[in-house]
Amino acid sequence: MTSTSLILADTDDGVGVVRFNRPKVLNALNPQLMEELADQLETWDADPAINVIVIAGNERAFAAGADIGDMAERSSVEMYERDQFTTWDRIQRIRKPLVAAVSGFALGGGCELMMMCDVIVAAENAQIGQPEINIGVMPGAGGTQRLPRAVGKARAMDLILTGRFLTAAEALDAGLVSRVVPPEHWLDETMTIARDMAKKGSVALRLAKEAVLKAYEAPLSEGIAFERKLFYMLFATEDQKEGMRAFAEKRRATFKGH
């Protein structure tokens, strides 16, 4: 395992695993941590040995929000010139699937980062929300846009305007998380899911992610046309031939990523 000051990074059977390393402040997200995270994700995005990336915190918190102490006394102009969300844009451009392993708090920026992931596995003890209204601000890293797309306008307004938290069960019911698992197995269960995903064809994984994300931004007809184009593209890959042959021959496919 390699360590920088604010993240821990490791690899496991085609899966890159990055864990936040600010336990004393419940993994609050400051610019340095986000820079290190973006750097690591981009490294793995370019690494053919890595097919899936897991982002995790610890048992107490995925991330309990932004680092408020780092921002509290800054002026509007200082925040604008700091341009901290450029780092978040880099994470949004990661092409490989991102899997969030959420235990404990995923609040504010932690919730926003969680929503940038493609599969979200939440422990039963997870508490998820956008409580920025309680400190006189509002979500600024995509929360007002991604949350309504995930849970609908009514629930999003409720969460953002009251600052209340969702339990893991409520988040699953609302469509905000993918799966809920026992708290003692939150990371093991996530790794099992990620390793299974990593065994799929890597080109198909990236294109399927791209097609689903298109549904957020395009009219249905445009999204269907985009999906169709990517579907046809996959028939130019060796993995497609191997996958379909293996199915016909009743054996497990061996994907090579091309």
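Right above here is the structure, for reference.
Now for a description of the structure that goes with this document. Within each chain, residue numbers correspond to sequence positions counted from 1 in written order. At least 70 in pLDDT is required for a residue's local features to be given in this predicted model, at least 80 for side-chain atom pairs to be given and counted, and no such filter applies to totals for whole chains, interfaces and linings, which use all residues. The basis for the side-chain values is all heavy atoms of the structure; hydrogens and waters are excluded.

We now examine the sheet that holds strand β10 (residues 166-167). The pairing of strands in a sheet happens through backbone hydrogen bonds and is either parallel or antiparallel. Taken in spatial order, the four strands of this open sheet run β5-β7-β9-β10, and their pairing is mixed. The open sheet has two free edges, formed respectively by β5 (61-63) and β10, since each of these has just one partner strand. Where β5 and strand β7 (residues 105-107) come together, two bridges link them in parallel fashion. Paired with A61 across the bridge in β7 is F105. Two strands make a pair as long as DSSP finds a minimum of two bridges between them. The helix count covers DSSP runs of H or I at least four residues long, the strand count covers runs of E at least two residues long, and both are numbered beginning at the N terminus.

Before going further, it helps to spend a moment on the layout of surface pockets. Taken as a whole, the largest pocket encloses approximately 980 Å³ of empty space. Within this scheme a cavity is a closed region of a 1 Å grid, computed over the protein atoms alone, that accommodates a 1.4 Å probe without allowing it to escape, whereas a pocket is open but has protein on both sides within 12 Å along at least five of seven lines; lining residues each have an atom within 4 Å of a point. As for the largest pocket, its lining consists of 34 residues, of which M116, C117, D118, L213 and Y216 are closest to the centre. In terms of residue count, the dominant contributor to the lining of the largest pocket is helix α10 (residues 202-217) (ten residues). Grid points are joined across faces, edges and corners, and a volume is the space filled by probe spheres set on the points.

Across the six residues that make up strand β3 (residues 15-20), a large majority, five, are buried. Here six bridges tie strand β2 (residues 7-12) to β3, and the two strands are oriented antiparallel to one another. In the strand pairing of β3, L8 is matched with R19. The turn linking β2 back onto β3 is made up of two residues, and D13 within it adopts a positive phi angle of 55°. On the question of chirality, the crossover connecting β3 to the parallel strand β4 (residues 52-56) by way of helix α1 (residues 31-45) is right-handed. Burial here depends on accessible area, computed with a 1.4 Å probe over protein chains only, as a share of the maximum for the residue type. Under 20% is buried, over 50% is exposed, and the range in between is partly exposed. Place the viewer so that the strands point away; then a crossover is right-handed whenever the path from the first strand over the helix to the second strand goes clockwise.

This next bit is on the packing of α10 against helix α11 (residues 220-233). Taken N-terminus to C-terminus, the directions of α10 and α11 make an angle of 175°; their axes are 9 Å apart at the nearest point. The angle between α10 and α11 places the two elements in the roughly antiparallel class. Here L207, E210, A211 and K214 of α10 come into contact with α11, specifically with E222, G223, F226, L230 and M233. Here the contact of α10 with α11 is composed, by residue class, of five nonpolar, one polar and three charged. Fitting a line to C-alpha atoms yields each axis, with helices limited to the stretch in contact; the angle taken between N-to-C directions then spans 0 to 180 degrees. Reported orientations rely on four angle classes, namely roughly parallel under 35 degrees, roughly antiparallel over 145, roughly perpendicular from 65 to 115, and oblique for the rest. In what follows, residue pairs with any heavy atoms lying within 4.5 Å of each other are defined as contacts. Gly counts as polar in this scheme, as do all residues outside two lists: the nonpolar Ala, Val, Leu, Ile, Met, Phe, Trp, Tyr, Cys and Pro, and the charged Asp, Glu, Lys and Arg.

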